[in-house]
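# Overview (structure and organization)
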Amino acid sequence: GKFYYGIKTGLNEAFVVDRATRDRLIAEDLSSAELLKPLLRGRDVKRWQIKPPDLYLIFTRHGVDITKYPAIDKYLNKYKKELTPGADGGRKPGSYEWYEIQDNIAYWEEFEKPKIAYPNICKRNEFAWDDKGYYINQKAFIIPDASKYLLGILNSTVVLWLFDKLLAKLQNGYYEPSAIFIKDFPIPVTNEPQPIESLVNKVLAIKDKKPN
């Protein structure tokens, strides 16, 4: 029954890094690894599976002590002007520190649990299973504590039909399945989810064998 929006940093240029930068920051100071989280964008979430882009999020959530992470502090300092809340050319005003993620992600631990992820704009129902703890940007939603039974239902042709009937169509045939609409989709309740879960596991196994 819970849906969570992905993370909005306020300046992806500063907070989203590639593997080479991640490895360098950890080499400079091992504590950096605590803040560097594997990241997915909305475009990386496909039907059934995710396609990791090998990007990482510097997750300096509200309340973090940046002095414990000297390499991260030094790296973000290059963007301090743009990161300063409310400053000209900076991020939106607020009570957060310049080195912190823009929004307070109180539910951040949900990203590290097995979950269903889906993009905020898509041409059909595209729900994926993630049990590797990916963090997700603001172009996607997550459904934590979900089951593979639910994943199977959400990727079904019935839900595709519901997309067509219940969601407004955007330009070029795209849908915007915001949580406010998806939460009201009718999901059949069963005491025997195993047959559906078994089929889902087979689909996921096949998808895992295919190159991204």
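Residues numbered from 1 in each chain as written. Predicted model: local features only at pLDDT ≥ 70, side-chain atom pairs only at ≥ 80, totals over all residues. Heavy atoms only, no water.

### Some points on the overall build of the protein
- Broken down by element type, the protein carries eight helices and eight strands.
- For the protein, the spread of C-alpha atoms along the principal axes amounts to about 50 × 35 × 30 Å.
- Taking as baseline every contact in the protein between residues at least 6 positions apart, the subset at least 24 positions apart corresponds to 67%.
- For the protein, the distance from the average position of its 33 positive side-chain charges to the average position of its 28 negative side-chain charges is 6 Å. (Helix = DSSP H or I, 4+ residues; strand = E, 2+ residues; numbered from the N terminus. Contact = heavy atoms within 4.5 Å. Lys, Arg positive; Asp, Glu negative; His and termini not counted. Charge placed at Lys NZ, Arg CZ, Asp CG, Glu CD.)

### Some points on helix 2 (residues 19-28)
- For helix 2, every residue scored as buried is listed here: Thr-21, Leu-25 and Ile-26. One side of helix 2 holds all its buried residues, which, seen down the axis, span an arc of 135°. Within helix 2, the exposed residues directed more than 90 degrees away from the buried face are Ala-20 and Ala-27. (Buried < 20%, exposed > 50% of the residue type's maximum accessible area, 1.4 Å probe, protein only. Arc of directions from axis to C-beta.)

### A look at a nonpolar patch on the surface
- Among the surface-exposed residues, Ile-121, Leu-170 and Tyr-174 lie close enough to one another that they form a single nonpolar patch of about 230 Å² accessible area.
- Considering the arrangement of structural elements, one finds Tyr-174 in the loop between helix 6 (157-166) and helix 7 (179-182). (Patch = residues over 30% accessible without salt bridge, like charges linked within 9 Å, V, L, I, M, F, W, Y side chains within 5 Å. Areas by Shrake-Rupley, 256 points an atom, 1.4 Å probe, with all protein chains shown as cover. Salt bridge = Lys/Arg side-chain N within 4 Å of Asp/Glu carboxyl O.)

### Thoughts on the nonpolar core
- Within the largest apolar cluster, 41 residues are counted, with the highest numbers of intra-cluster contacts made by Ile-58, Ile-72 and Leu-76.
- Sorting the residues of this core by element identifies helix 1 (12-15), helix 2, strand 3 (36-40), strand 4 (55-58), helix 3 (70-77), strand 7 (135-136) and strand 8 (140-144) as the ones contributing at least two each.
- Per-element accounting of this core gives the leading share, four residues, to helix 3.
- Every residue in contact with Ile-72, bar those within four places of it in the chain, is listed here: Leu-25, Ser-32, Leu-35, Leu-36, Ile-58, Thr-60 and Ile-66.
- Judged by nonpolar contacts, the second largest core, of 24 residues, contains Ile-116, Tyr-118, Ile-143 and Phe-185. (Core = buried A, V, L, I, M, F, W, Y, C linked by side-chain atoms within 4.5 Å.)

### Quick look at the sheet that holds strand 8
- If you trace the four strands from one edge of the open sheet to the other, you get 1-8-5-6, paired in antiparallel fashion. At either end of the open sheet lies a strand with only one pairing partner, and these are strand 1 (4-5) and strand 6 (128-130).
- Across three bridges, strand 5 (residues 115-119) lies against strand 6 in antiparallel orientation. Opposite Lys-115, over in strand 6, you have Asp-130 as the bridge partner. (Pairing = 2+ DSSP bridges.)

### A look at helix 3
- All of the buried residues along helix 3 are Ala-71, Ile-72, Tyr-75 and Leu-76. Relative to the axis of helix 3, the buried residues are bounded by an arc of 125° and lie together on one face.
- Where the residues of helix 3 are buried, they touch helix 1, strand 2 (16-18), helix 2, strand 3, strand 4 and helix 4 (80-83).

### Notes on unusual backbone geometry
- Here Trp-48, not a glycine, exhibits a phi torsion of approximately 80°, which is positive.
- Residue placement: Trp-48 occurs in the loop between strand 3 and strand 4.
- Relative accessible area serves as the criterion here: at 11%, Trp-48 is assigned to the buried category.
- In the Ramachandran plot, Asn-172 falls in the positive-phi region, its phi being about 65° despite a non-glycine side chain.
- By the secondary structure assignment, Asn-172 is in the loop between helix 6 and helix 7.

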